[in-house]
Amino acid sequence: MRFFAALLFSLISLSSLAQSAPPPALAAKAWLLVDYGANQVLAAHNADERIEPASLTKLMTAYLTFSAFKANTLTRDQVIPVSERAWKMGGSRMFIEPRHEVTADQLVHGMIIQSGNDASVALAEAIAGSEEAFAELMNREAKRLGMTATHFMNSTGMPDDQHYTTARDLSVLASAVMRDFPEDYRLYSEKEYTYNNIRQPNRNRLLWMDGTVDGVKTGHTEAAGYCLVSSAVRGPRRLISVVLGADSDGVRAQESLKLLNYGFQFFDTVTLYENAAPVSRFRVWQGTAEEVPVGFLKAFVLSVPKGQADKLQVSLNSVQPLEAPVRQGQEVGTLTLSLDGQAIGTYPVVALEEVTLAGWFGRMWDAIRWWIKNL
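For the structure given in this document, a descriptive report is provided here. As the structure is a computational prediction, the values presented were derived from the model and not from experiment. (Residues numbered from 1 in each chain as written. Predicted model: local features only at pLDDT ≥ 70, side-chain atom pairs only at ≥ 80, totals over all residues. Heavy atoms only, no water.)

**Concerning the pattern of salt bridges**
Let me state the cut-off plainly: Salt bridges are counted wherever a side-chain nitrogen of Lys or Arg sits within 4 Å of a carboxyl oxygen of Asp or Glu. Only protein chains enter the accessibility calculation, which uses a 1.4 Å probe. A residue is then buried if its area is under 20% of the maximum for its type, exposed if over 50%, and partly exposed in between. In this description a helix means any DSSP run of H or I spanning at least four residues, a strand means any run of E spanning at least two, and both kinds are numbered starting from the N terminus.
Evaluation of the coordinates by the stated rule reveals 18 salt bridges. With a closest N to O distance of 3.9 Å, glutamate 192 and arginine 199 form a salt bridge. Given a relative accessible area of 43%, glutamate 192 falls into the partly exposed group. For arginine 199, a relative accessible area of 60% gives the class exposed. Measuring nitrogen to oxygen at the nearest pair gives 3.3 Å for the salt bridge that ties arginine 281 to glutamate 291. Here glutamate 291 lies in strand β10 (residues 291-295) and arginine 281 lies in strand β9 (residues 278-283), a separation of 10 residues in the sequence. Classification of arginine 281 as partly exposed rests on a relative accessible area of 46%. By sharing partners, the salt bridges in this structure join Arg85, Glu131 and Glu132 into a single network.

As structure tokens, this is what we get:
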């Protein structure tokens, strides 16, 4: 009989393992620090509390715009009509006008660098026909990405009681932009943009404060406070910080940098296993091979407290009995990691090769051996 134990795979706060370096207390309502490569949370406070995202909403607007470019349903040089609704948008603007031509590429620059509400609405209307229809696409995409506590009502982040998200969901969205559209993500590091002879700086102060920071997005409304999703790359590591509800522009930048520095100073990102490198070999019954190499199809990267990587303990468990046929990539067991006696997580291991079903005689012989083994 086949069985497979329930797998425990969660984003955990490893800061609890670093007793000598507790996470900093920030002057903000909620925050989250994620190791992008390891997909792990290093520090968090009120990470699942519902908040108003303000202009951080534009991360999803950008994600759908990049998706439209990739699908060729929208081209970068396409001239986009400017509706009266887009033209009259309040708040931050790139100052588009109905009588002046503007391309989709210019609108993307204005939305990302200048945080233009007018640009966001124009793009939403170009992609979905109306901002209301675009909001439906935003919610559909949020669900697909696993943003379980998010609901969008518009493309800009203008206040609405039914427009909300969390720090955790924002980290998922920022990671998706980086992962799925790395070339487009480079726009988030641009410090200024000029359109219609109006030059505006990027509102992300960290681009000037720290050369390792390459994004991501600011947001502010009276209800949301000052918010910032930021990211920095130092060496091979990328961290993502989400700071929400700070009291000022300066404070959100200062606290974000404090959080990023904490992650880089007190944690290491280690590659435990390379992609497709065997971790072990599991016994296979009734197959053309008696063993199958097992491991991870992608590199297994983990973030641990600095200097603790050599103390990691590994435990492997196999599906029993593991019977042929076995597909390449099939989950065949679990790997459990512990540090100083504290469990970090349990992760699925997969077969790295295919094992086909043996002939009649081979299957019978293995059945006898299994019976003797379990006497």
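Structure shown, so let's carry the discussion forward.
**Here we look at the sheet that holds strand β13 (residues 331-339)**
Across a sheet, paired strands are connected by hydrogen bonds in the backbone, their directions being either parallel or antiparallel. Our working rule: One requirement defines pairing of two strands: DSSP has to find at least two bridges between them. Every angle, taken between N-to-C directions, lies between 0 and 180 degrees, and every axis is a line fitted to C-alpha atoms, over only the stretch in contact when it is a helix.
Read across the open sheet, the five strands follow the order β9-β10-β14-β13-β12; overall the sheet is antiparallel. If you trace the sheet from one side to the other, it starts and ends with β9 and β12 (312-318), each paired once. Here the strands of the sheet are splayed against their neighbours by 30° on average, with no regard to which way each runs. As paired strands, β13 and strand β14 (residues 342-351) are joined by eight bridges and run antiparallel to one another.

**Digging into the environment of serine 55**
The condition is simple: Contact criterion: two residues are considered in contact whenever any of their non-hydrogen atoms come within 4.5 Å of each other. For the purposes of these results, a polar contact is taken to be a pair of N or O atoms within 3.5 Å, where, inside protein, one atom must be able to donate a hydrogen and its partner to accept one; residues adjacent in sequence count only when each atom of the pair is a side-chain atom.
With respect to the helices and strands, the residue serine 55 is situated in the loop between β2 (40-45) and α1 (58-71). On a C-alpha basis, the gap between serine 55 and threonine 218 in space is 6.5 Å, while along the polypeptide they are 163 residues apart. Sequence-distant contacts of serine 55, defined by excluding residues within four places in its chain, comprise Ser115, Asn117, Thr156, Lys217, Thr218, Gly219 and His220. Polar side-chain contacts of serine 55 include one of 2.7 Å to the side chain of lysine 58.

**Quick notes on empty space enclosed by the protein**
The test is simple: Think of a 1 Å grid over just the protein atoms. A cavity is a set of points where a 1.4 Å probe fits yet cannot get out, a pocket is an open set with protein on both sides within 12 Å along at least five of seven lines, and lining residues have an atom within 4 Å of a point. Grid points are joined across faces, edges and corners, and a volume is the space filled by probe spheres set on the points. Residues were grouped as follows: Ala, Val, Leu, Ile, Met, Phe, Trp, Tyr, Cys and Pro as nonpolar; Asp, Glu, Lys and Arg as charged; and all remaining residues, including Gly, as polar.
Within this structure, the stated rule accounts for one cavity of 30 Å³ or more. Approximately 30 Å³ is the volume found for the largest cavity. Residue lining of the largest cavity: Ile112, Ile113, Ser115, Asn202, Arg203, Val216, Lys217 and Thr218, and that is the complete set. Elements that contribute at least two residues to the lining of the largest cavity include exactly α3 (104-113) and β5 (213-221). Residue contributions to the lining of the largest cavity peak at three residues, all from β5. Partitioning the lining of the largest cavity into residue classes produces three nonpolar, three polar and two charged.

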